[in-house]
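Remarks on the overall topology
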Amino acid sequence: MAAAPTVVVEPAGRVCWDEPVRIAVRGLAPEQPVALRASLRDEKGALFRAHARYRADARGQLDLQRAPALGGSFSGLEPMGLLWALQPDKPFWRLVKRDVQTPFALELEVLDGHEPAGPDGGRVLARAVHERHFMAAGVRRVPVREGRVRATLFLPPEPGPYPGIVDMFGVGGGLLEYRASLLAGKGFAVMALAYYNYDDLPKGMDAMHMEYFEEALNFLRSHPEVKGPGIGLLGHSKGGELGLAVTSFLKGVTAAVIINGSVAAVGGTIYYKDESVPSVSLLRDKVKITKDGIMDVVEGLQSPLVEEKSFIPVERADTSFLFLVGQDDHNWKSEFYANEASKRLQAHGKEKPQIILYPEAGHYIEPPYFPLCRAGMHLLVGANILFGGEPRAHAVAQVDAWKQLQTFFHKHLGGQN
């Protein structure tokens, strides 16, 4: 009797969410057909699942770095497909990590492939649990309540100083820490910054005051473990829009990475001292409904070329910019916004920004291996909207974007490599 099959995940030690792993199965019969099933529960108990069919090699081994998937949630050679192809049982549910001090547990099961191969078919031959962490060993988490600033600072294990980065997410507010906590494992001091709908901060986003962000920049810059003089800024979506406003009105941001951001004020007015940038108008008649009954709002905002007062004055910035753009973003026109920001900067003799376009990538370009959220609740719209993206292309974009932003920050802020 052959030994029972076993699932092997390497490296075996502490693995962070953004790190690839090798998944293998040993002890199968030669050429044995099997299905692999992955499942994960988020902190609210929502279940995410993916599965794929495979065939063992002549020695009864299966290595996902060498064996193509023969169908299921994905097909072809996709060593990390069981992660990026995870889909929620509950439609329109996005995978988010709220407590970065605990890992996500990915359950892997090997099912007999002779039986009907559905997500639930087949006898379980082997199983393993693979934990994926959001803080590398030794990364320090420091809650920040300084003046009005509400944030969490993540520091690498050894005493600094390190290049400092302010990290901002989009609509929904609150304080999301998972991108900052992962980035701190790469040699940066990263401050995840809340700016509304958190603690005692304003509940809504109808008025965004740059003085708040100025206080946050000053706090980070003066921190003993942060290398000066300039700091970095990372912003996605509304956080990207606010990032452009920060670099336009405030000093000291040397490098900014804008992921699918807007160059127009959207959904609220931006204020600094006696200046303001009003929001572009909503074009409700331009909103479409897809055949699946989801709102497509991509044409639903007036152009800042028409309503010029809503164009954030990026020409004032003295910042190196990297725009990361999903060309299938349906939240808003990220590619158009990046190009218009670039034109405006160059017309005023400023450094030409770097723009990286990702075909078939959607709005939520996250750290690697987060599953695509193609449609979901948009809190400003108050409905499920199309965010765009094609799962495999989006997964490829996330891996590249993560590398690009680290390289960019190391280059402009000085750090390792």
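For the structure given in this document, a descriptive report is provided here. This one's a predicted model, so the numbers in the text were calculated from it and none came from an experiment.

Criteria and thresholds
- Residues numbered from 1 in each chain as written.
- Predicted model: local features only at pLDDT ≥ 70, side-chain atom pairs only at ≥ 80, totals over all residues.
- Heavy atoms only, no water.
- Salt bridge = Lys/Arg side-chain N within 4 Å of Asp/Glu carboxyl O.
- Helix = DSSP H or I, 4+ residues; strand = E, 2+ residues; numbered from the N terminus.
- Buried < 20%, exposed > 50% of the residue type's maximum accessible area, 1.4 Å probe, protein only.
- Pairing = 2+ DSSP bridges.
- Expected span 1.5 Å × (residues − 1).
- Polar contact = N/O pair within 3.5 Å; in protein donor to acceptor, adjacent residues only side chain to side chain.
- Contact = heavy atoms within 4.5 Å.
- 1 Å grid on protein atoms, 1.4 Å probe; cavity = no way out; pocket = protein on both sides within 12 Å on 5 of 7 lines; lining within 4 Å.
- Points joined across faces, edges and corners; volume = space filled by probe spheres on them.
- Nonpolar A, V, L, I, M, F, W, Y, C, P; charged D, E, K, R; others polar.

**A word on the pattern of salt bridges**
Here the structure, examined in full by the defined rule, presents 27 salt bridges. Residues R22 and E10 are paired through a salt bridge, measuring 2.4 Å at the closest nitrogen-oxygen approach. Linking R22 in strand β2 (residues 22-26) with E10 in strand β1 (residues 6-10), this pair joins segments that are twelve residues apart in sequence. With a relative accessible area of 30%, E10 lands in the partly exposed category. Between E340 and K343 there is a salt bridge, and its shortest N-O distance comes to 2.8 Å. Of the two residues, E340 and K343 both sit in helix α5 (residues 334-347), three residues apart, roughly one turn of that helix.

**Some details on the sheet that holds strand β10 (residues 124-132)**
Overall, antiparallel pairing links the five strands, which are arranged β8-β4-β3-β9-β10 in an open sheet. Taken across any chain shown, the strands that pair with only one partner, and hence form the sheet edges, are β8 (87-88) and β10. Pairing between strand β3 (residues 33-41) and strand β4 (residues 47-55): nine bridges, direction antiparallel. The partner of S39 across the bridge, within β4, is R49.

**Some thoughts on helix α3 (residues 210-221)**
For α3, built from twelve residues, the straight-helix expectation of 16 Å at 1.5 Å per residue is met to within 8% by its first-to-last C-alpha distance of 16 Å. Of all the residues in α3, the buried ones are M210, Y212, F213, A216, L217, F219 and L220.

**Some details on the side chain of T319**
Locating T319 in the fold gives a position in the loop between β21 (295-296) and β22 (320-326). Looking at T319, the relative accessible area reads 9%, which means it is buried. Of the polar contacts made by the side chain of T319, one reaches the backbone oxygen of V253; its length is 2.8 Å. With near-sequence residues (within four places) excluded, T319 lies in contact with T247, V253, T254, A255 and A256.

**Here we look at α5**
If you check α5, its first and last C-alpha atoms are 20 Å apart, about what 14 residues at 1.5 Å a residue would give, namely 20 Å. Within the span of α5, buried status applies to S334, Y337, A338, E340, A341, S342 and L345. Next to the buried residues of α5 lie β22 and β23 (354-358). A positive backbone phi angle near 75 degrees is found at G349, which sits one or two residues after α5.

**Concerning empty space enclosed by the protein**
Going through the model one piece at a time under the given rule, you end up with three cavities of 30 Å³ or more. Roughly 50 Å³ of volume is contained in the largest cavity. Lining the largest cavity are R179, I259, I365, E366, P367, Q398, A401, W402 and L405. If you tally residues by element for the lining of the largest cavity, the top one is helix α6 (residues 391-413), at four residues. Tallied by class, residues from the lining of the largest cavity come to six nonpolar, one polar and two charged.

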